[in-house]
Amino acid sequence: MRTAHSASTVSTGIAKVDRSSTEGANQEISTLAISALKKAPQRTSLDALPLHPSEQSFFIKPFKSDLPKQPHSAPPYIFLTVITVNSTQSPKGRPPKHVAIIMDGNGRWAKERGLPRIEGHRRGAEAVKRTLKAAQENGVEIITLYAFSVENWNRPKVEVDALMSLLDRFLVDQLPVLIKRKIRLRVVGRYKELPEYIQHRLRKSEAATAQFTEHTLALALNYGARTEVVDAVKAIAQAAQAGSIDPNTLDYDSLRPYLYTNDLPDPDLVIRTSGEARLSNFLLLQAAYAEIYFTSVLWPDFDESHFKAALADYASRERRYGKTAEQLQVS
Ligand code: FPP
């Protein structure tokens, strides 16, 4: 069992537990309940609260009216000591704020089934919907999806056209869902090289969701990290020429506004599906300190259980940002 360190705030809550759980369940629940109670500290019960990916229903059970009455045994309620973890370095107990995903394996998924590649992409769009829901339900605020890279223009025209039309349909179908779930849509990439009808659709969806601040779906479209750097350098050179910035004072923080992702925090976790272990020109600067998670699952098969597995893996990592583990203990 993991234990939380760098603890400062202590609060209490009540959970209904399965008394058949193992010894030490109380402490386990304390650790596991951190994110749930942090999200809703006014709640006195964990019932119906979104659980952190590392939480196991084995330990925390929803209320059941048919629980056997055991008058002489301990009540099914126990008090929790909830430790609020203060450390900014350790992801333990907290879901990542921003998850970026390289959705790979659509073609192989289709090929394995003797289907056209576009059917793999179509099923991939279904996985996008599942993942968006899973992200929101598991406390992830921002999802960035690598939906079309600058290199993808080199695919057969029929596939590129099919991907664009799939994206168009996705935007039409999902706009009411994004609005209902208060998710802002954001595009990262060279917008103006996308087909006009897609630009129009994207602008409409971005405008209709611009007021939402808690959740963001960022679609990386016509995106490439090297292109992004080139565009940023060009813009900085122009600003320097115009006298609005001094290149001698330039640092990474003053460079950030020139990136496509200028209003997004860096990803905490990058997931790549399909067993390939590379970043493929995706968020190379922003992912400098991201945890990377590779899974062999092909994207069209990706579901909430796979997403939770990635979050659980992330929760076990220690993010050191160049420091030593000992430094993190005292900070
Ligand atoms: C990589 O798989 C996937 C893509 C290039 C496109 C991703 C698109 C989708 C998931 C569907 C549409 C997206 C949205 C947001 C609606 P691949 O084709 O390279 O697979 P392979 O490596 O097995 O050939």
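The rules behind the values
Each chain has its residues counted from 1, following the order in which its sequence is written. Reporting in this predicted model follows two pLDDT cut-offs: at least 70 for local features of residues, and 80 or more for side-chain atom pairs to be given and counted; totals over whole chains, interfaces and linings ignore these cut-offs and use all residues. Going along the chain from the N terminus, every DSSP run of H or I of four or more residues is numbered as a helix, and every run of E of two or more is numbered as a strand. Here the contact rule is simple: place C-beta atoms from the backbone, and any two residues whose C-beta atoms are within 7 Å are in contact. Between N-to-C directions, angles cover 0 to 180 degrees, with each direction set by a line fitted to C-alpha atoms, over the stretch in contact for helices. Every angle not falling under 35 degrees, over 145, or within 65 to 115 is termed oblique; those three ranges are roughly parallel, roughly antiparallel and roughly perpendicular. For any pair of crossing helices, the crossing counts as left-handed if the nearer helix is rotated counterclockwise from the farther one by less than a right angle, and right-handed if it is rotated clockwise. Amino acids are sorted into nonpolar (Ala, Val, Leu, Ile, Met, Phe, Trp, Tyr, Cys and Pro), charged (Asp, Glu, Lys and Arg) and polar (every other residue, Gly among them). Whether a residue is near a molecule or strand depends on its C-beta atom, generated from backbone atoms, being within 6 Å of that molecule or strand. Any helix carries an expected span of 1.5 Å times its number of residues minus one. With C-beta atoms placed from the backbone, a residue counts as buried when 20 or more other C-beta atoms lie within 10 Å of its own, as exposed when 12 or fewer do, and as partly exposed for counts between those limits. As used throughout, a nonpolar core is a set of buried Ala, Val, Leu, Ile, Met, Phe, Trp, Tyr and Cys residues joined through C-beta atoms within 7 Å of each other. Strand pairing follows a simple DSSP-based rule, namely that at least 2 bridges must link the two strands. Throughout, right-handed denotes a crossover for which the path from the first strand over the helix to the second runs clockwise when the strands point away from the viewer. For every residue, the pLDDT score states the predictor's confidence, bounded by 0 at the bottom and 100 at the top.

Let's shift gears to the overall build of the protein. A count of helices and strands for the protein gives 10 helices and eight strands. Within the protein, residue pairs in contact and separated by at least 24 positions form 77% of the contacts whose partners lie at least 6 positions apart.

Our focus in this paragraph is the packing of helix α4 (residues 117-137) against helix α5 (residues 157-180). Working note: a packed helix pair is described by the angle between its axes plus the distance between those axes. Between α4 and α5, the least distance of the axes is 10 Å, while the angle of their chain directions is 25°. The angle between the axes of α4 and α5 places the two elements in the roughly parallel class. In terms of crossing hand, the pair formed by α4 and α5 is right-handed. On α5, the residues that touch R117, I118, H121, R122 and A125 of α4 are E159, A162, L163, L166 and F170.

Take the packing of α5 against helix α6 (residues 196-209) next. Their axes nearest at 10 Å, the elements α5 and α6 cross at an angle of 15°. Between α5 and α6, the interaxial angle falls into the category roughly parallel. Once α5 is placed against α6, the crossing between them reads as left-handed. Contact residues: α5 offers M164, L167, D168, L171, L175, L178 and I179, while α6 offers Y197, I198, R201, L202, S205, A208 and T209. Class assignment of the residues belonging to the contact of α5 with α6 gives a composition of 10 nonpolar, two polar and two charged.

Moving on: the site of the ligand. Near the ligand, the surroundings consist of 20 residues, among which N106, G107, R108, G124 and F170 are the closest. Where the shell around the ligand is concerned, the elements lending two or more residues are α3 (106-112), α4, β4 (142-149) and α5.

The terminal C-alpha atoms of α4, which comprises 21 residues, lie 30 Å apart, in line with the 30 Å expected from a rise of 1.5 Å per residue. Of the residues making up α4, those classed as buried are G120, H121, G124, A125, A127, V128, T131, L132, A134 and A135. Against β3 (98-102), α3, β4, α5, β6 (215-223) and α9 (304-315) lie the buried residues of α4. Two residues or fewer past α4, G139 is found with a positive phi of approximately 80°.

Here the focus is the nonpolar core. Counting residues in hydrophobic clusters, the biggest one holds 53 residues, and the most contacted among them are I101, I143, L145, Y146 and A220. Beyond its immediate chain neighbours, meaning those up to four positions away, A220 contacts T144, L145, Y146, A147, V188, G189 and F282.

Turning our attention to unusual backbone geometry. The backbone phi angle of K182 is positive, close to 55°, even though this residue is not glycine. Tracing the backbone shows K182 in the loop between α5 and β5 (183-188). Classification of K182 by C-beta neighbours within 10 Å gives partly exposed; the count is 13. Positive phi, normally seen in glycine, also occurs at N281, with a value near 65°. Relative to the elements of secondary structure, N281 occurs in the loop between β7 (269-272) and β8 (291-294). Among the residues examined, N281 registers 17 C-beta atoms within 10 Å and is labelled partly exposed.

Here we come to the pairing of β6. The buried count for β6 comes to seven of nine residues, which makes it a mostly enclosed element. Bridge count for β4 against β6 is seven bridges, and the pairing is parallel. The residue of β6 that forms the bridge with L145 is L219. Here β5 pairs with β6 via six bridges, running parallel. When the sheet's bridge partners are listed, L185 is paired in β6 with L217. In terms of handedness, the path from β5 via α6 over to β6 forms a crossover that is left-handed.

Next up on the list: the environment of A325. If you trace the backbone, A325 turns up in helix α10 (residues 325-330). C-beta crowding within 10 Å serves as the criterion here: with 10 such atoms nearby, A325 is assigned to the exposed category. Sequence-distant contacts of A325, defined by excluding residues within four places in its chain, comprise E318 and R320.

Interpretation of the predicted coordinates at a detailed level should be avoided for regions scoring low in pLDDT. The predicted model of the protein averages 80 in pLDDT, with 71% of residues at 70 or higher. Here residues 1-90 is modelled with pLDDT under 50, and outside its nearest four sequence neighbours on either side it reaches 144 contacts, counting other chains as well.

Sheet architecture is open: six strands sit in the order β5-β6-β4-β3-β7-β8, paired in parallel fashion. The sheet is open, and its two edges are formed by β5 and β8, each paired on a single side. The mean angle between the axes of side-by-side strands here comes to 20°, regardless of whether they run parallel or antiparallel. Taken together, the four bridges between β7 and β8 define a ladder with parallel strand orientation. What sits directly across from L269, in β8, is E291. Seen against the sheet, α9 touches β7 and β8 and runs at an angle of roughly 140° to β8.

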